[in-house]
Amino acid sequence: MKFNNFLKLSVASVILASCSSGDDDVTPEISNGLEPVEFDVPLNYTFVNEEGVSTVSFGGQTTRLNQGAEILKDLGLNNLTITEAEIDEKYTDGTGFSNEELNNGKKLRNKTAASDDYFLTNTVEAEGIRATFDGYIADQVTLFLDGRYTSIDDIPVASAGFAGVLGKRYVNENGLELDQAFNKGLIGALTLDQVINNYIGRVNNPDVVANHDADVLAKDGTENYTDMQHFWDEAYGYVYGAGTELEDPNSVHLENVVDKFLYKYIQRVNGDTDFDTYADQIFDAFKTGRAAIDAKAYDALDEQVVVLRKLLSEVVAIRAVYYLKQGQEKALDLAKVDDGSVFHDWSEGYGFIYSLRFTQNENGAPYFSKEEVDGFIETLDSGNGFWDLIDDPETVNTMAENIAAKFDFTVAQAETLK
């Protein structure tokens with residue numbers, strides 16, 4: 001493997017940035033107990049074979065992220081006459097997109113809650129999760145689309161128990177923006193699940209390792225990468241694949257990030273001084289892991305898997321707490337209730353809370369069980385939903401504290417951007 005602009009690492013002495021979000025950072029050393037294995041980590045996510053041809057491929061992930069972005073436009077009342085069947089065609093069948101390049105056989109629904117770790121044999125829960133996203137689509141269409149209104153100006157003002165508009169926000173009877181629940185929920189059920197519960201775990205499959213050790217190329221030798229390399233790249237693609245700088249994503253300023261899913265919120269979290277190393281740590285873990293694969297330095301690879309699972313899970317949890325607390329603060333201002341700002345924050349928080357089901361800790365289990373996440377969602381849905389939360393700060397505080405307690409950050413760190 002050839003690299004340009006690299007730094008050399010040794011498995012026996014490589015120093016990784018800490019996963020901790022507090023002041024007690026540690027710098028663990030990696031050692032495989034054998035002779036040190038030196039390998040090169042490029043400055044960018046650029047990997048080529050001996051002929052100088054790129055071995056990186058994640059086009060399917062780019063397609064799916066862009067498919068998701070178009071569906072979000074549809075759900076955001078971009079077209080008041082669009083039907084449920086038209087949106088379902090995009091989400092389920094992967095066809096019907098205005099951008100013809102997206103009608104290429106890739107689909108979103110069958111990749112939702114579809115990881116090997118959590119759902120390979122857990123098909124009942126997987127289908128229930130997919131049905132939840134089907135429901136967001138159906139409810140948004142029923143309330144606002146399919147020609148129900150000829151103009152956005154015709155939509156009534158929302159109130160407790162009644163769907164409608166608040167400023168520029170379109171909410172159901174509980175104050176929930178269904179498009180935000182769909183978007184932020186898919187950050188967990190699609191992108192996080194595929195990255196940390198599927199692809200970065202597949203690299204340790206014994207057959208995958210054996211084929212990589214033997215330099216067996218994917219698809220019966222028709223590709224220029226092994227399955228192990230490709231699985232890691234597919235994980236990378238679910239994070240960075242919709243970006244404008246695929247090899248150096250952190251070079252893009254926050255305001256210019258076009259992604260609508262996980263990468264956008266890595267950058268949002270990184271904008272807080274409490275977490276301002278996260279974007280680099282995550283990108284470095286992807287680069288180091290891929291370089292370790294090429295060098296067959298599997299102990300180093302395992303360390304990067306741990307880093308990614310921990311930090312990406314924390315990104316979701318940090319944003320869940322952030323939006324809960326932001327909505328609570330804005331609820332003190334009647335103008336922010338009337339313009340929908342409160343409900344927008346809580347809707348984003350709702351989706352991130354749903355996404356907690358797809359986190360994974362160092363023991364290979366979710367930080368929260370299905371039952372715990374279901375309990376959070378039931379609390380948010382109870383009564384008149386967000387309308388009741390306006391006068392119930394204790395529920396918000398308790399939920400935020402319960403989420404933060406599972407991780408290495410505090411509510412105080414997550415609730416504001418500093």
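Attention in this report is confined to the structure presented alongside it. Counting starts from 1 at the beginning of each chain's written sequence and moves along it residue by residue. Thresholds applied to this predicted model are a pLDDT of at least 70 for local features of residues and 80 or more for the giving and counting of side-chain atom pairs; totals over whole chains, interfaces and linings are not thresholded and use all residues. For the side-chain quantities, the full set of heavy atoms in the structure was used; hydrogens and water were omitted.

Across its full length, the chain holds 17 helices and four strands. Each radius of gyration reported is based on C-alpha atoms, and the globular scaling rule is 2.2 Å times the count of residues to the power 0.38. On C-alpha atoms alone, the chain measures out to a radius of gyration of 22 Å, which is about the 22 Å that the 2.2 N^0.38 rule sets for 418 residues. Along the longest, intermediate and shortest principal axes, the C-alpha atoms of the chain span 70 × 50 × 40 Å. Burial classes: relative accessible area under 20% of the type maximum marks a residue as buried, over 50% as exposed, and values in between as partly exposed (1.4 Å probe, protein chains only). The buried share among the 418 residues of the chain stands at 53%. Two residues qualify as a contact provided that any one of their heavy atoms is within 4.5 Å of a heavy atom in the partner residue. The contacts in the chain between residues at least 6 apart in sequence include a share of 71% that link residues at least 24 apart. Counting every atom, the chain has about 17,300 Å² of accessible surface; 47% of that belongs to carbon and sulfur. Only four residue types enter the charge count, namely Lys and Arg as positive and Asp and Glu as negative; His and the chain termini do not. Taken as the charge centre is NZ of Lys, CZ of Arg, CG of Asp or CD of Glu, depending on the residue. Counting 32 positive and 73 negative side-chain charges, the chain places the averaged centre of each group 3 Å from the other. Strands are runs of DSSP state E lasting at least 2 residues, helices are runs of H or I lasting at least 4, and numbering of each runs from the N terminus. Only the protein chains shown count as covering a residue, and every accessible area follows the Shrake-Rupley method with a 1.4 Å probe.

The next subject is the packing of aromatic side chains. Any pair of Phe, Tyr and Trp rings, taking the six-membered ring for Trp, is counted once the centres come within 6.5 Å. Such a pair is stacked with planes under 30 degrees apart, edge-to-face with planes over 60 apart, and tilted for the rest. Enumeration according to the criterion identifies 32 aromatic pairs in this entry. When the centroid spacing of 6.1 Å and the interplanar angle of 80 degrees are considered together, the rings of Y118 and F119 count as edge-to-face. A relative accessible area of 10% places Y118 in the buried class. With relative accessibility at 4%, the residue F119 sits in the buried group. Ring centres of Y236 and Y240 lie 4.6 Å apart, and the angle between their planes is 45 degrees; on these two criteria the pair is classed as tilted.

To find leftover empty space, one rolls a probe the size of a water molecule over the atoms. Grid points spaced at 1 Å over the protein atoms alone were grouped into cavities, where a 1.4 Å probe fits but cannot get out, and pockets, open sets with protein on both sides within 12 Å along at least five of seven lines, with lining residues defined by an atom within 4 Å of a point. Grid points are joined across faces, edges and corners, and a volume is the space filled by probe spheres set on the points. Scanning the entire structure with this criterion turns up one cavity of 30 Å³ or more. Volume-wise, the largest cavity comes out at about 60 Å³. If you go around the largest cavity, the residues you meet are Y240, G243, T244, E245, P249, V252, N256, V257, V258, D259 and Y263. Any residue outside Ala, Val, Leu, Ile, Met, Phe, Trp, Tyr, Cys, Pro, Asp, Glu, Lys and Arg is labelled polar, Gly included; the first ten of those are nonpolar and the last four are charged. Its residues assigned to classes, the lining of the largest cavity comprises six nonpolar, three polar and two charged.

On to the side chain of E314, then. Take E314: it is sitting in helix α11 (residues 298-330). A distance of 2.8 Å separates polar atoms of two side chains, one belonging to E314 and the other to K310. What qualifies as a polar contact is a pair of N or O atoms within 3.5 Å, subject to a donor-acceptor requirement within protein and to the restriction that residues adjacent in sequence count only when both atoms come from side chains.

This paragraph deals with the nonpolar core. Buried residues of nine kinds, namely Ala, Val, Leu, Ile, Met, Phe, Trp, Tyr and Cys, make up a nonpolar core once their side-chain atoms join them within 4.5 Å. In this structure, F182, W232, F286, I353 and I403 are the most contacted members of the largest nonpolar core, which totals 124 residues. Here the element with the most residues in this core is α11; it accounts for 16 residues. With near-sequence residues (within four places) excluded, F182 lies in contact with I71, L72, L75, Y91, F133, Y136 and I137.

In this section: the packing of helix α9 (residues 262-270) against helix α10 (residues 278-295). Axes, fitted as lines to C-alpha atoms, cover a helix only where it is in contact. Angles between the N-to-C directions of the axes lie from 0 to 180 degrees. Remark: α9 packs on α10, axes separated minimally by 8 Å, with the N-to-C direction vectors making an angle of 135 degrees. Judged by the angle between their axes, α9 and α10 are oblique. Contacts from I266, Q267, V269 and N270 of α9 reach α10 at Y278, A279 and I282. Its residues assigned to classes, the contact of α9 with α10 shows five nonpolar, two polar and no charged. Orientation is classified from the angle alone, with under 35 degrees giving roughly parallel, over 145 giving roughly antiparallel, 65 to 115 giving roughly perpendicular, and any other angle giving oblique.

Another point: the environment of Y199. Within the secondary structure layout, Y199 lies in helix α5 (residues 178-202). Sequence-wise, Y199 and A189 are 10 residues apart; in three dimensions their C-alpha atoms are separated by 14 Å. Sequence-distant contacts of Y199, defined by excluding residues within four places in its chain, comprise Q61, K111, Q194, F231, E234, A235 and Y238.

The working definition used for a salt bridge is a side-chain nitrogen of Lys or Arg within 4 Å of a carboxyl oxygen of Asp or Glu. This model, assessed by the stated rule, comprises 20 salt bridges. Of the charged contacts in the structure, one is a salt bridge between D117 and R309, with a shortest N-O distance of 3.3 Å. With D117 in helix α3 (residues 116-119) and R309 in helix α11, this pair connects stretches of sequence that are 192 residues apart. Residue R309 is classed as buried on the basis of its relative accessible area, which comes to 15%. Here the salt bridges share partners, and the residues they tie into one network are R109, E127, R130 and D134.

Turning next to the packing of helix α14 (residues 370-381) against helix α16 (residues 393-404). Close contact between α14 and α16 brings their axes to 12 Å; oriented N to C, the two are set at 165 degrees. Here α16 runs roughly antiparallel to α14, going by the angle between their axes. The handedness of the crossing between α14 and α16 is left-handed. Counted together, F376, T379 and L380 of α14 and T395, M399, N402 and I403 of α16 form the full contact between these two elements. The crossing is said to be left-handed when, going from far helix to near helix, the turn is anticlockwise and less than a right angle, and right-handed when the turn is clockwise.

The next subject is helix α1 (residues 59-78). Helix span is expected to be 1.5 Å times the residue number reduced by one. Between its first and last C-alpha atoms α1 spans 26 Å; for 20 residues at 1.5 Å apiece the expected length is 28 Å, and the two agree. Along α1, 14 of the 20 residues are buried, which leaves the element largely enclosed by surrounding structure.

Our next topic: the layout of surface pockets. Taken as a whole, the largest pocket holds about 450 Å³ of empty space. Surrounding the largest pocket, 27 residues form its lining, A69, L72, K73, D179 and K260 being those nearest its centre. Of all elements in the fold, only α1, β4 (169-171), α5 and α9 reach the threshold of two or more residues within the lining of the largest pocket. With nine residues, the top contributor of residues to the lining of the largest pocket is α1.

Relative to the elements of secondary structure, S355 occurs in helix α13 (residues 341-355). Residue classification places S355 among the buried residues on the basis of a relative accessible area of 0%. One polar contact links the side chain of S355 to the main-chain carbonyl oxygen of G185, over a distance of 3.3 Å. Each residue touching S355, except ones within four places of it in the same chain, is listed here: K184, G185, I187, G188, A189, L192 and V316.

Looking at the element boundaries, K336 is found in helix α12 (residues 334-338). For K336, a relative accessible area of 31% corresponds to the partly exposed category. For the pair formed by K336 and L166, sequence separation is 170 residues and the distance between their alpha carbons is 9.5 Å. Sequence-distant contacts of K336, defined by excluding residues within four places in its chain, comprise K330, S341 and V342.

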